[in-house]
Amino acid sequence: MCPAGLELSRGAGRLIGTVLETAGGLYRVHIEGEALECSVRGRLKKEGGSRVAVGDRVEVERLPDGSGRIVDVHPRASKLSRHAPSRRREQIIAANVDQVAAVVAVARPEPDRRMLDRLLAVAELNDLGAFLVINKVDLIPDQALPEELETYRSLGYPMLLTSASDGTGLDELWARLEDKVTVFSGPSGVGKSSLLNALMPGLELRVGEVGERSGRGRHTTVGALLIPLPRGGYLADTPGIQHFEPGFLDPRELETAFREMAPLKGTCRFADCRHRAEPGCAVIAAVADGRIDGRRYEGYLELLEIADQASERVIRGNSSA
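Residues numbered from 1 in each chain as written. Predicted model: local features only at pLDDT ≥ 70, side-chain atom pairs only at ≥ 80, totals over all residues. Heavy atoms only, no water.

Draft legend 1. Examining the overall build of the protein chain more closely. Of regular secondary structure, the protein chain possesses 7 helices and 14 strands. Expressed as a percentage of the 321 residues in the protein chain, the buried residues total 50%. In the protein chain, the share of contacts with a sequence separation of at least 24, taken over all contacts with a separation of at least 6, comes to 64%. With an accessible surface of roughly 15,800 Å², the protein chain has 48% of that area assigned to carbon and sulfur atoms. (Helix = DSSP H or I, 4+ residues; strand = E, 2+ residues; numbered from the N terminus. Buried < 20%, exposed > 50% of the residue type's maximum accessible area, 1.4 Å probe, protein only. Contact = heavy atoms within 4.5 Å. Areas by Shrake-Rupley, 256 points an atom, 1.4 Å probe, with all protein chains shown as cover.)

Here you go:
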């Protein structure tokens, strides 16, 4: 796949590119190897142009002062979104994504399974491929993974063992990133920026230290940033997400976001079973006998509650309209 953002729409006199970054109503768009600073056409603002996202394919007019103006946004092939507790609408993290790299550290900070499960669930619901990047393996002897991470290997998620400090796994990581649009996501402090700096010396992303008392990383990336890769493709560096909430989940579809639950769909006593406490629930039985990891199931219940609350808000909003 040729990296997006390199074509010229000659007939219309417009440039076609990919949004690399958004900040304060301005957008950096990757066009023919350069990053052009752009505004958004007034008509698009009225139609929701403020929601132009990193990764969007856009049409741009070049202005006399050398800047550009976004005049159209192409339909999105895919997206990754979140719904933070303080927000009432969906926030697009990145558009036109091919895959998600969920980054965790083996230590400092300890793996955040709650956030990892949510990120993987969103990837599944958006039909995005996902793999795990297990970073800081130089901190553990013989690269022996914590048992809690082995669960994901058994579910079929590819796992790459990496270390930004000694270069472990960087070649394998490059192979997965090449010619793809990849979202790099995970909690603060797991080493996302350090990995990117190791892959592309000179990038010089800010690296945060992990707090001695909290064991948590400090935010160093303030907004999503799409980085053109020298071997083709893009990589979306996203902020450390402390309160990741998937956006606009359909509660009836949530079970398909958990690979171990999907095969049990339709096998419960009740067709509308939500797997909370219903009698004859095949999922609850699988948790009881160890076929489904209990902590993964708890993560499902948390997301189900979020999805139910979001659905209720939509219903109330439609009723009052």
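Draft legend 2. View of the pairing of strand β2 (residues 14-23). Where β2 lies against strand β5 (residues 57-62), 4 bridges are found, and the strand directions are antiparallel. Of the residues in β5, the one forming a bridge with Leu15 is Val60. In this antiparallel pair of consecutive strands, β2 and strand β3 (residues 26-31), the connection spans 2 residues, and Gly24 shows a positive phi of 60°. (Pairing = 2+ DSSP bridges.)

Draft legend 3. Summary view of the confidence of the model for the protein chain. Averaged over all residues, the pLDDT of the protein chain equals 81, while 79% of them reach at least 70. This model gives residues 1-11 a pLDDT under 50, and the stretch forms 30 contacts once residues within four places in sequence are excluded. Note that residues 206-222 has pLDDT below 50 and, in this model, 38 contacts with residues that lie over four places away or in other chains. (pLDDT = per-residue confidence, 0-100.)

Draft legend 4. Seen up close, the environment of Asp179. With respect to the helices and strands, Asp179 occurs in the loop between α4 (170-177) and β12 (180-185). Looking at Asp179, the relative accessible area reads 26%, which means it is partly exposed. For the pair Asp179 and Gly232, spaced 53 residues apart in the sequence, the C-alpha separation amounts to 4.5 Å.

Draft legend 5. Spatial organisation of unusual backbone geometry. Residue Arg108 is joined to Pro109 through a cis peptide bond whose omega torsion reads 0°. Of note, Pro109 is situated in the loop between β9 (99-105) and α2 (113-125). Its identity as a non-glycine residue notwithstanding, Asp127 has a phi of 55°, on the positive side. Relative to the helices and strands, Asp127 is located in the loop between α2 and β10 (129-135). For Asp179, which is not glycine, the phi torsion reads 60° and is therefore positive.

Draft legend 6. Broad picture of α2. When the terminal C-alpha atoms of α2 are compared, their 18 Å separation across 13 residues agrees well with the 18 Å that a helix rising 1.5 Å per residue should span. With respect to burial, α2 is a largely interior element, 11 of its 13 residues being buried. Among the residues of α2, those classed as buried are Arg113, Met115, Leu116, Asp117, Arg118, Leu119, Leu120, Ala121, Val122, Ala123 and Glu124. At the C-terminal side of α2, Asp127 shows a positive phi close to 55°. (Expected span 1.5 Å × (residues − 1).)

Draft legend 7. Focus on the pattern of salt bridges. Taken as a whole and judged by the stated rule, the model has 17 salt bridges. Between Arg296 and Asp117 there is a salt bridge, with its nearest N and O atoms 2.9 Å apart. One end of the pair, Arg296, is in helix α7 (residues 294-320); the other, Asp117, is in helix α2, with 179 residues separating them in the sequence. No difference in accessibility class separates Arg296 from Asp117, as the two residues are buried. (Salt bridge = Lys/Arg side-chain N within 4 Å of Asp/Glu carboxyl O.)

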